[in-house]
Amino acid sequence: QVQLLESGGGLVQAGGSLRLSCVVSGLTFGSYAIAWFRQAPGKEREFVAAISQTGIGTSYADSVKGRFTCSRDNARNTVHLQMNSLKPEDTAVYYCAADQRFWRISRSPDYWGKGTLTTVSS
């Protein structure tokens, strides 16, 4: 079965940094683009970032450009989301997702993880 397991969430002060990881199993990792979404309390789930199968292509929401960086290590079936200069409005449950089609992953990816909570204090 396909599994996406997020880790690295936690409590951090505003201005701090945190690195999330997503370990993927049950599929050919190099054939899938990986994306990050988040859902804040009382809000709908929103797209955060995505990285293509090779790591050459990346996409970021305007709200995180210049602060977040998505990378992947295909040898370890792992994607990272480095989050810097964190703000209270970044508080959310962060989910990773996988899809073979990079053009579609920001809309409706095929596979989802269960999420990891990141809380940014004022």
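So, here's what we can say about the structure. (Residues numbered from 1 in each chain as written. Predicted model: local features only at pLDDT ≥ 70, side-chain atom pairs only at ≥ 80, totals over all residues. Heavy atoms only, no water.)

## Comments concerning the state of the cysteines
Phase 1: A full pass over the atoms with the stated rule returns one disulfide.
Phase 2: Paired by a disulfide, Cys22 and Cys96 hold their sulfur atoms 2.1 Å apart. Because the sign of the S-S torsion sets the handedness, a value of about 60° for the bond joining Cys22 and Cys96 places this disulfide among the right-handed ones. Taken together, the positions of Cys22 in strand β3 (residues 18–25) and Cys96 in strand β9 (residues 92–99) put the pair 74 residues apart, joining distant regions of the chain.
Phase 3: Residue Cys96 is classed as buried on the basis of its relative accessible area, which comes to 0%.
Phase 4: With no disulfide of its own, Cys70 lies closest to Cys22 among cysteine sulfurs, the gap being 9.3 Å. (Disulfide = S-S within 2.5 Å. Helix = DSSP H or I, 4+ residues; strand = E, 2+ residues; numbered from the N terminus. Buried < 20%, exposed > 50% of the residue type's maximum accessible area, 1.4 Å probe, protein only.)

## A closer look at the environment of Ser108
Phase 1: As for its placement among the helices and strands, Ser108 is situated in the loop between β9 and β10 (111–112).
Phase 2: For Ser108, a relative accessible area of 40% translates into the label partly exposed.
Phase 3: It is 27 Å that separates the C-alpha atoms of Ser108 and Val120, two residues lying 12 residues apart in sequence.

## Re the environment of Gln39
Phase 1: Mapped onto the fold, Gln39 is located in strand β4 (residues 33–39).
Phase 2: Considering only alpha carbons, one finds Gln39 and Cys96, 57 residues apart in sequence, at a separation of 12 Å.
Phase 3: With sequence-adjacent residues up to four places away left out, Gln39 is seen in contact with Glu44, Arg45, Ala92, Val93 and Tyr95.
Phase 4: Only 3.2 Å separates the side chain of Gln39 from the backbone oxygen of Lys43, close enough to count as a polar contact. (Contact = heavy atoms within 4.5 Å. Polar contact = N/O pair within 3.5 Å; in protein donor to acceptor, adjacent residues only side chain to side chain.)

## Section: the sheet that holds β3
Strand pairing in a sheet takes place through backbone hydrogen bonds and is either antiparallel or parallel in direction.
Phase 1: Reading across from one edge, β1-β3-β8-β7 is the order of the four strands in this open sheet, with antiparallel pairing throughout. The strands lining the two open edges of the sheet, one partner per strand, are β1 (3–7) and β7 (68–73). Sheet twist, expressed as the average angle between the axes of neighbouring strands with direction ignored, equals 15°.
Phase 2: Taken together, the six bridges between β3 and strand β8 (residues 78–83) define a ladder with antiparallel strand orientation. Among the inter-strand pairings, Ser21 is bridged to a residue of β8, identified as His80. (Pairing = 2+ DSSP bridges. Axes fitted to C-alpha atoms, helices over the stretch in contact; angles between N-to-C directions.)

## Structural notes on the packing of aromatic side chains
Phase 1: Using the criterion set out here, one finds four aromatic pairs in the structure.
Phase 2: Summarising the aromatic geometry, the rings of Phe37 and Phe47 are spaced 5.7 Å apart at their centres and angled 75° between planes, so their arrangement reads as edge-to-face. Highlighted residues: Phe37 in strand β4 and Phe47 in strand β5 (residues 46–51), separated in sequence by 10 residues. For the pair formed by Phe37 and Phe47, the shared burial category is buried.
Phase 3: Geometrically, the ring pair formed by Tyr95 and Trp112 is edge-to-face, given 6.5 Å between the ring centres and 85° between the ring planes. You can see Tyr95 sitting in strand β9 and its partner Trp112 sitting in strand β10, a full 17 residues away along the chain.
Phase 4: On the basis of relative accessible area, Tyr95 is assigned to the buried category, the value being 12%.
Phase 5: Grouped by ring-pair contacts, the aromatic residues Phe37, Phe47, Tyr95 and Trp112 constitute a single cluster.
Phase 6: If you follow Arg45 out to its NZ or CZ, it ends over the ring of Trp112, 4.6 Å from the centre.
Phase 7: Lying over the aromatic face of Phe29, Arg72 brings its terminal NZ or CZ to 4.4 Å of the ring centre. (Phe/Tyr/Trp six-rings, centres within 6.5 Å; stacked < 30°, edge-to-face > 60°. Lys NZ or Arg CZ within 6 Å of the ring centre and 35° of its normal.)

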